[in-house]
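What follows is each chain in one-letter form.
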Amino acid sequence: MCGIVGYIGSKKATPVLINALKKLEYRGYDSAGIAVFDGEDIVVRKVKGALKALEERISKEVINGSLGIGHTRWATHGEPSDVNAHPHTNLSGTIAVVHNGIIENYAKLKAWLQGEGVVFRSETDTEVIAHLINYYYEMDGDIFHSVIEASHRLEGSYALGVICSDYPDRLIAARKESPLIVGLGKGENFIASDVPAVLEYTRDVYFLDQKEIAVLYSDHVDLFDEDGNKVIKQPYHVDWDLSSAEKNGYAHFMLKEIHEQPKALTDTMRPRLVYENKKPVDINFDELTVAEHFKNAKRIVITACGTAYHAGVVAAYAFEKFARIPVVVTVASEFRYMNPILDKDDIFIVISQSGETADTLAAMRLAKEAGIHVIAITNCVGSTVSREANDVIYTWAGPEIAVASTKAYTTQLMCLYLLALKCAFLREKFSRAEYTRLLSELEQIPSKVQEILDDKTGIQKFVSKNFNKEKVFFIGRQFDSATSLECALKLKEVSYMHSEAFAAGELKHGPIALVDKNTLVVAIATDPELYEKIASNIVEVRTRGATTFVITQDKDGAFAQAADEIVSIPHTESAFASMLSIIPAQLFAYYCAIHRGTDPDKPRNLAKSVTVE
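Every value quoted in this text rests on a predicted model; they were computed, and no experiment measured them. (Residues numbered from 1 in each chain as written. Predicted model: local features only at pLDDT ≥ 70, side-chain atom pairs only at ≥ 80, totals over all residues. Heavy atoms only, no water.)

Participant: Which parts of the structure should I look at to understand the packing of aromatic side chains?
Facilitator: Each aromatic ring pair is described using two quantities: the centre-to-centre distance and the angle formed by the ring planes. Tallying each qualifying case throughout the model produces 20 aromatic pairs. Pairing Tyr137 with Tyr167 gives two aromatic rings, centres 6.4 Å apart and planes at 70°, and the pair type is edge-to-face. Here the residue Tyr137 occupies a position in helix H4 (residues 126-140), and Tyr167 occupies one in the loop between strand E7 (156-164) and strand E8 (171-176), the gap between them amounting to 30 residues. Like Tyr167, Tyr137 is buried. Judged by centre distance (5.7 Å) and plane angle (55°), the rings of Phe207 and Tyr236 are tilted. Of this pair, Phe207 sits in strand E11 (residues 204-207) while Tyr236 sits in strand E15 (residues 236-237), and the two are 29 residues apart along the sequence. On the accessibility criterion, Tyr236 (32% relative accessible area) is partly exposed. One aromatic cluster is present, formed by Tyr7, Phe190 and Tyr201 through successive ring pairs. The cationic tip of Lys110 hangs over the ring face of Phe120; the distance from NZ or CZ to the ring centre is 5.1 Å. (Phe/Tyr/Trp six-rings, centres within 6.5 Å; stacked < 30°, edge-to-face > 60°. Helix = DSSP H or I, 4+ residues; strand = E, 2+ residues; numbered from the N terminus. Buried < 20%, exposed > 50% of the residue type's maximum accessible area, 1.4 Å probe, protein only. Lys NZ or Arg CZ within 6 Å of the ring centre and 35° of its normal.)

Participant: Looking at this structure, how should I read the packing of helix H7 (residues 261-269) against helix H15 (residues 445-454)?
Facilitator: Working note: a packed helix pair is described by the angle between its axes plus the distance between those axes. Packing of H7 against H15 leaves a shortest axis separation of 8 Å and a crossing angle of 175°. In terms of their interaxial angle, H7 and H15 are classed as roughly antiparallel. On H15, the residues touching Gln261, Pro262, Leu265, Thr266 and Met269 of H7 are Ile445, Pro446, Val449, Gln450 and Leu453. For the contact of H7 with H15, the class distribution of residues is seven nonpolar, three polar and no charged. (Axes fitted to C-alpha atoms, helices over the stretch in contact; angles between N-to-C directions. Parallel < 35°, antiparallel > 145°, perpendicular 65-115°, else oblique. Contact = heavy atoms within 4.5 Å. Nonpolar A, V, L, I, M, F, W, Y, C, P; charged D, E, K, R; others polar.)

Participant: Even after reading the chapter, I still don't get empty space enclosed by the protein, so can you show me in this structure?
Facilitator: Think of a ball as big as a water molecule: rolled over the atoms, this probe shows where empty space is left. A complete count under the given rule lists three cavities of 30 Å³ or more for this structure. As for the second largest cavity, its lining consists of Val5, Gly6, Tyr7, Val16, Leu17, Ala20, Phe190, Ile191, Ala192, Ala197 and Val198. Sorting the residues of the lining of the second largest cavity by element identifies strand E1 (3-8), helix H1 (13-24) and strand E10 (189-192) as the ones contributing at least two each. Here the lining of the second largest cavity is built from residues that sort into 10 nonpolar, one polar and no charged. (1 Å grid on protein atoms, 1.4 Å probe; cavity = no way out; pocket = protein on both sides within 12 Å on 5 of 7 lines; lining within 4 Å. Points joined across faces, edges and corners; volume = space filled by probe spheres on them.)

Participant: What is the right way to look at the pattern of salt bridges in this model?
Facilitator: One side chain can pair with another of opposite charge once the charged atoms of both are near each other. Following the criterion strictly, the structure yields 29 salt bridges and no others. Between Asp564 and Arg542 there is a salt bridge, with its nearest N and O atoms 2.9 Å apart. Of this pair, Asp564 sits in the loop between strand E26 (547-552) and strand E27 (565-568) while Arg542 sits in helix H18 (residues 531-542), and the two are 22 residues apart along the sequence. Classification of Asp564 as partly exposed rests on a relative accessible area of 38%. A relative accessible area of 31% places Arg542 in the partly exposed class. Linked by salt bridges that have partners in common, Asp209, Glu212, Lys233 and Arg387 make up one network. (Salt bridge = Lys/Arg side-chain N within 4 Å of Asp/Glu carboxyl O.)

Participant: Please explain the sheet that holds E8 as it appears in this structure.
Facilitator: Spatial ordering of the open sheet is given by E5-E6-E7-E8-E12-E13-E14, a layout of seven strands whose pairing is antiparallel. Looking along the sheet, the strands with just one partner apiece sit at the ends: strand E5 (88-89) and strand E14 (230-231). Pairing geometry for E7 and E8, over five bridges, is antiparallel. The residue bridging Tyr158 from the neighbouring strand is Lys176, located in E8. Packing of helix H5 (residues 143-153) onto the sheet brings it into contact with strand E6 (95-103), E7, E8, strand E12 (212-216) and strand E13 (221-224), and relative to E8 it is tilted by some 15°. (Pairing = 2+ DSSP bridges.)

Participant: Would you mind going over unusual backbone geometry with me for this structure?
Facilitator: Most peptide bonds take the trans form, and the phi angle of most residues other than glycine is negative. Cis peptide bonds are those with omega within 30 degrees of zero, and the linkage from His86 to Pro87 qualifies with 5°. If you trace the backbone, Pro87 turns up in the loop between strand E4 (67-73) and E5. Not every positive phi belongs to a glycine, and Lys211 is a case in point at roughly 60°.

Participant: Explanation requested: the nonpolar core in the structure shown.
Facilitator: Soluble, globular proteins show a tendency: their nonpolar side chains are buried together. With 92 residues, the main nonpolar core has Phe319, Ile349 and Leu421 as its most contacted residues. When residues of this core are assigned to their parent elements, the largest contribution, 14 residues, is made by helix H13 (residues 407-426). Setting aside anything within four residues of it in sequence, one finds Ile349 in contact with Ile300, Val301, Ile302, Thr303, Phe319, Ile375, Ile377, Leu416 and Leu419. If you look at the next biggest cluster of nonpolar residues, it comprises 31 residues, including Val128, Leu132, Tyr137 and Tyr158. (Core = buried A, V, L, I, M, F, W, Y, C linked by side-chain atoms within 4.5 Å.)

Participant: Before we go on, may I ask you to explain the state of the cysteines in this structure?
Facilitator: Cysteine pairs can be covalently joined through their sulfur atoms, and such a bond is termed a disulfide. For the structure shown, the criterion picks out zero disulfides. Free cysteine: Cys423, not disulfide-bonded; nearest cysteine sulfur from Cys415 at 15 Å. (Disulfide = S-S within 2.5 Å.)

Structure below.
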């Protein structure tokens, strides 16, 4: 995944492009570059490394021009280097291209172009695009038609920004699979991979659909389909507060977003609760067109990737516990290759923070082809998954900038818990009184998350003594086992510590062989009925030299003799505790990253949203 931006207007393009790229650096940070038309030529500056390296490179230059494109890269083809950085140009330097995505047939196109005399300078798939556009441009001299002709030959995914020195009055953008928005300003217009890049300049945007092309002028934007036919659509007004995409005094976006979870959970939950006498009595999912389908469904199928997949695993326990309906949870990257068994009576749920995850989109499309009604849970209005799913449930988390997901995860859980409770009530699995009791418990989750955030010094102190462990194992049972998956992922993502998650009962079936004095075992224990079992597991690893850390609701000291450190979370319904127990684990991961000198916002080799397979 990469981030692309573009600008045309009356301002100097360079500072606008750099500023916009800063908002997208979470999408890739192994190289960065810009291309600006200075009135005579396209000036390209690109360097290996983070965006600040590009800023240093151009700090002593004056690059004039009010038309330009920019790119921040997460490498897929070709190692990070100055040469492989974007933008890429044709041989004469009159056409420049930035690209997010993967061109699957680039090798075939490259061989053909080399046969036409083209000399390639990089190892990237993107350079093919610049030369392919140039090939058609040399035939008829129309840059718009050349982009269309080139796009017809590209297989794979792309979001493109294209400028041509012969057409200094326009910027061309095209999209297939990879996300792309057009920002509509006054006397200026923008393209970007994501909304935060343009929020400082405009709140009115077009979300480009599949195979749409946009031609941006300083005073207007024209939209077209893949064949060059005009498309008319209404712009979307973004109502985010700009400050929500900034750090607001926090050292890192990850820490800020961890602390935003009480508000994000409230924003996601409160509009969906129905109140009587100030007490929640029902759940309203107006966005669902087939809520009644939950009454008779025989199975729920959930698919997602990474953190969203872990939310799905927690949801499987919730649906089965409350609604007594079987659930299958599958990693989306495996789903389309497994010849899945689907039934028209299934409830099919896809989860994606960005709404652009390539594997999740592919799984969703496979389900739709089979005639299955798809419900999507996403944080991004206007994203591909939100447009293609039959129903959409939004997590109102606001923009999440840090690569490692925190508030997106907990708000996904909130939506899934609400859905599970509504499903259970429709299926008459518990009484009205029990339903309202559970809703009251759920309503208190945001304030209990705040309690944990207000008392994090114990976690900080424990981290200061244990951030250098060679191995970290997270264990739990039932819901806690599912939570452990996300705990382990957060730690390995941001601190690069080796961490794994195991169902606690499986320790004796192999993993305990790895336990020694260099091991930290973190036990998630939120179900009182399982405290005794978890305490036994802790004793097993401690006698083999491990340091032990317990995250629990226990108030009676069940782990006092077994654990080296205990973090107590507020009491809630044990089935809901996954939204609380993950908070100390997120903080643990963050502080481990800080002590180990890594950047928790920009983990190496990772990108915020995986928009390529």
